[in-house]
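# Fold and geometry: a report
Each chain, letter by letter, is given below.
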Amino acid sequence: MNERTLGIRFAVGFLVGMMAAGPLLASGEINLYSARNEALIKPLLDRFTEQTGISVNLVTGKADTLLKRLESEGDNSPADMLITTDAGRLHRAKQAGLTQAVETQVLNDAVPAPYREPEGHWYGLSLRARPIFYAKDRVSPESLSSYRALAGPEWAGKICIRSSDNIYNQSLVAAMIAHDGEEKTQEWVNGLVENFARSPKGGDRDQIKAVAAGECDIALANTYYLAGMLTGNDQNQRLAAQAVAVYWPDQEGRGTHVNVSGAAVTAFARNRENAIKLLEFLVSPESQSWYGEVNQEYPVRDGVAWSQLLNQWGRFKADQLNLSLLGENNAQAVMIMDRAGWK
Ligand code: FE
């Protein structure tokens, strides 16, 4: 290759680079770190780009890996926004100084107060419930009432739930602490652990399968796992899911424990305004309906229709606790579970 062709190549490469960068500079961009699978978010991001001309550079990864990455990148991080699951994790991001407060009328109107951080460090995008699943053929729903009642002697050896290192369980215990205080929650967790059918293992789906297999009568799990099992291609999972029913605990009192997937504008966002635009887009009625349906979760926004499957399980009263408390009580929750010997 002589110097001339090299020069031309360089010029062409430069032009192509400019053309690629051109529209981005003209209409802006946003760098998004997402713990949600690409399939569960990408179509929505594409629609956002169509509507606003703002392109979204998506990086997906595991929730805890993305948090670590944000931490190690510090103020050099290209990320403008983080999407992740569980209020406990969103709180960790805030505590680590990885998020910033943003507040707009649109966001406050769209996301009910319990599902956003009071200063605007994160906003819920979808709601997940963690109710009781029971064996249809062995448990009568009349014998169920509240989370607290699961610690009673009548449930000895009958409960399946995953391990205490899982944030969903930590958040459930954190919610109990917020309602009942540390002492009463310790008693409850002690009783619950005593009633375990087996040493905790596997994920939420495995607990549902264990109920179907007769290893236990009761499981605590997030509803979208049951939805995934019912609508997936795996026949065994489908059959297992059909053997259990959903019971909404604490309908007489505080309501069923819920959690969110949510989004935060990162502390060092260079495209802050675009990130806020994306946040507002994600809580719009259209996005909420799509996002809830695809993730088989509930919309955070009121007045958005639920999927047919979710409607089958019925309406329920959700706990109105501000979910930032799940994060604030996390360390205490972990300690309580540890003391009770929850593996
Ligand atoms: Fe999950």
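This is a predicted model, so every value here is computed, not measured. (Residues numbered from 1 in each chain as written. Predicted model: local features only at pLDDT ≥ 70, side-chain atom pairs only at ≥ 80, totals over all residues. Heavy atoms only, no water.)

### What to know about the overall build of the protein chain
Applicable threshold: Comment: elements are numbered from the N terminus, with helices defined as DSSP H or I runs of at least four residues and strands as E runs of at least two. When we talk radius of gyration, it's over C-alpha atoms, and the globule rule is simply 2.2 Å times the number of residues to the 0.38. For the exposure calls, accessible area comes from a 1.4 Å probe over protein chains only, and a residue counts as buried if that area is under 20% of its type's maximum, exposed if over 50%, partly exposed in between. Two residues qualify as a contact provided that any one of their heavy atoms is within 4.5 Å of a heavy atom in the partner residue. Working definition of accessibility: Shrake-Rupley area with a 1.4 Å probe, residue cover restricted to the visible protein chains. For the purpose of counting charges, residues Lys and Arg are taken to be positive, whereas Asp and Glu are taken to be negative. His and the chain ends are not included. We put the charge of a Lys on NZ, of an Arg on CZ, of an Asp on CG and of a Glu on CD.
Along the protein chain, the regular secondary structure elements total 14 helices and 10 strands. At 23 Å, the protein chain has a C-alpha radius of gyration in line with the 20 Å of a compact globule built from 343 residues. Oriented by its inertia axes, the alpha-carbon framework of the protein chain measures out at about 85 × 40 × 40 Å. A burial count over the protein chain gives 54% of its 343 residues as buried. Partitioning the contacts of the protein chain with sequence separation of at least 6, the portion at a separation of at least 24 is 79%. Carbon together with sulfur atoms contributes 50% to the accessible area of the protein chain, which is approximately 15300 Å² in total. Averaged over its 34 positive side-chain charges, the protein chain has a centre that lies 5 Å from the centre of its 40 negative ones.

### Here's the deal with the packing of aromatic side chains
Heads up, the condition is: Two aromatic rings from Phe, Tyr or Trp, using only the six-membered ring of Trp, form a pair when their centres are within 6.5 Å; if the ring planes differ by under 30 degrees the pair is stacked, by over 60 it is edge-to-face, and anything between is tilted.
For the coordinates displayed, the defined rule picks out 7 aromatic pairs. Ring centres of F196 and W342 lie 5.4 Å apart, and the angle between their planes is 80 degrees; on these two criteria the pair is classed as edge-to-face. Taken together, the residues F196 in the loop between α6 (167-194) and α7 (204-212) and W342 in the segment after α14 (330-339) connect sequence positions 146 residues apart. A ring pair is formed by W306 and F316, whose centres lie 6.2 Å apart and whose planes are at 45 degrees; its orientation type is tilted. Taken together, the residues span a long stretch of sequence, with W306 in the loop between β10 (298-299) and α12 (308-312) and F316 in the loop between α12 and α13 (324-328) at a distance of 10 residues. No difference in accessibility class separates W306 from F316, as the two residues are buried. Taken together, the ring pairs connect W248, Y298, W306 and F316 into an aromatic cluster.

### Considerations on the sheet that holds strand β4 (residues 123-129)
Quick reminder of the rule: By the convention used here, strands pair only if DSSP detects at least 2 bridges between them. Axis lines are fitted to C-alpha atoms, over the contacting stretch for helices. Their N-to-C directions set the angle, which ranges from 0 to 180 degrees.
Taken in spatial order, the 6 strands of this open sheet run β2-β1-β3-β9-β4-β10, and their pairing is mixed. Edge strands, defined here as strands with exactly one partner in the open sheet, are β2 (55-60) and β10. Where strand β3 (residues 81-85) and strand β9 (residues 258-265) come together, 5 bridges link them in antiparallel fashion. From the neighbouring strand, L82 faces β9, where its bridge partner is A264. Sitting on the sheet, helix α11 (residues 285-295) touches β3, β4, β9 and β10, and the angle it makes with β4 is about 40 degrees.

### A closer look at the coordination of the iron ion
Quick reminder of the rule: Note on donors: an N, O or S atom is included if it sits within 2.8 Å of the metal, or within 3.2 Å for Na, K and Ca, and water is never included, so sites can look incomplete.
Here the iron ion is held by the protein donor atoms Y168 (OH), Y224 (OH) and Y225 (OH), which lie 2.0 to 2.1 Å from it. In the primary sequence, the donor residues of the iron ion line up as Y-x55-Y-Y. Taken together, the residues span a long stretch of sequence, with Y168 in helix α6 and Y225 in helix α8 (residues 223-231) at a distance of 57 residues.

### Details of the state of the cysteines
In protein chemistry, a disulfide is the covalent bond that joins the sulfur atoms of two cysteines. For clarity, the cut-off: By definition, disulfides here are pairs of cysteine sulfur atoms that lie within 2.5 Å.
Applying the stated criterion across every chain yields a total of 1 disulfide. Note that C160 is cross-linked by a disulfide to C216, the S-S spacing being 2.1 Å. What sets the handedness of the C160 and C216 disulfide is the S-S torsion sign, and at about -100 degrees it is left-handed. Taken together, the residues span a long stretch of sequence, with C160 in strand β6 (residues 159-160) and C216 in the loop between α7 and β7 (218-220) at a distance of 56 residues. The class for C216 is buried, based on a relative accessible area of 1%.

### Quick word on α6
Cut-off, in case you're wondering: One less than the residue count of a helix, multiplied by 1.5 Å, gives the span that helix is expected to have. The term bend refers to the angle at a residue between two fitted axes, each drawn through seven residues, those ending there and those starting there. In protein, a polar contact means a hydrogen-donor-capable atom and an acceptor-capable atom, both N or O and within 3.5 Å, with residues adjacent in sequence counting only if both atoms are side-chain atoms; elsewhere, any N or O pair within 3.5 Å suffices.
An ideal rise of 1.5 Å per residue puts 40 Å on 28 residues; α6 reaches only 21 Å between its terminal C-alpha atoms. The sharpest bend along α6 comes to roughly 120 degrees, located at G181. Its side-chain oxygen 2.9 Å from the backbone nitrogen of Y168, N166 forms the N-cap of α6.

### A few points about the pattern of salt bridges
To keep things clear, this is the line we draw: What makes a salt bridge here is a side-chain nitrogen of Lys or Arg within 4 Å of a carboxyl oxygen of Asp or Glu, nothing more.
Scanning all chains against the criterion turns up 16 salt bridges. Here D217 makes a salt bridge to R138, at a shortest N to O gap of 2.7 Å. Separated by 79 residues along the polypeptide, D217 in the loop between α7 and β7 and R138 in the loop between β5 (132-135) and β6 bring together distant segments of the chain. Counted as one network, the salt bridges with shared partners bring together R36, R128 and E297.

### As for helix α2 (residues 42-52)
As a reminder, the rule being used: The reported arc concerns the directions from the helix axis to the C-beta atoms and nothing else.
Those residues of α2 that fall on the buried side of the exposure criterion are L44, L45 and F48. Down the axis of α2, the buried set is contained in an arc of 100 degrees. They therefore lie on one face. On the buried face of α2, the contacting elements are β1 (29-34), β2, α10 (272-282) and α11. At the exit of α2 stands G53, carrying a positive phi of roughly 80 degrees.

### Re the sheet that holds β7
With respect to topology, 4 strands assemble into an open sheet ordered β6-β7-β5-β8, the strand pairing being mixed. Edge strands, defined here as strands with exactly one partner in the open sheet, are β6 and β8 (244-247). Bridging between β5 and β7 involves 3 bridges; their strand directions are antiparallel. By the bridge assignment, Y134 is partnered in β7 with I218.

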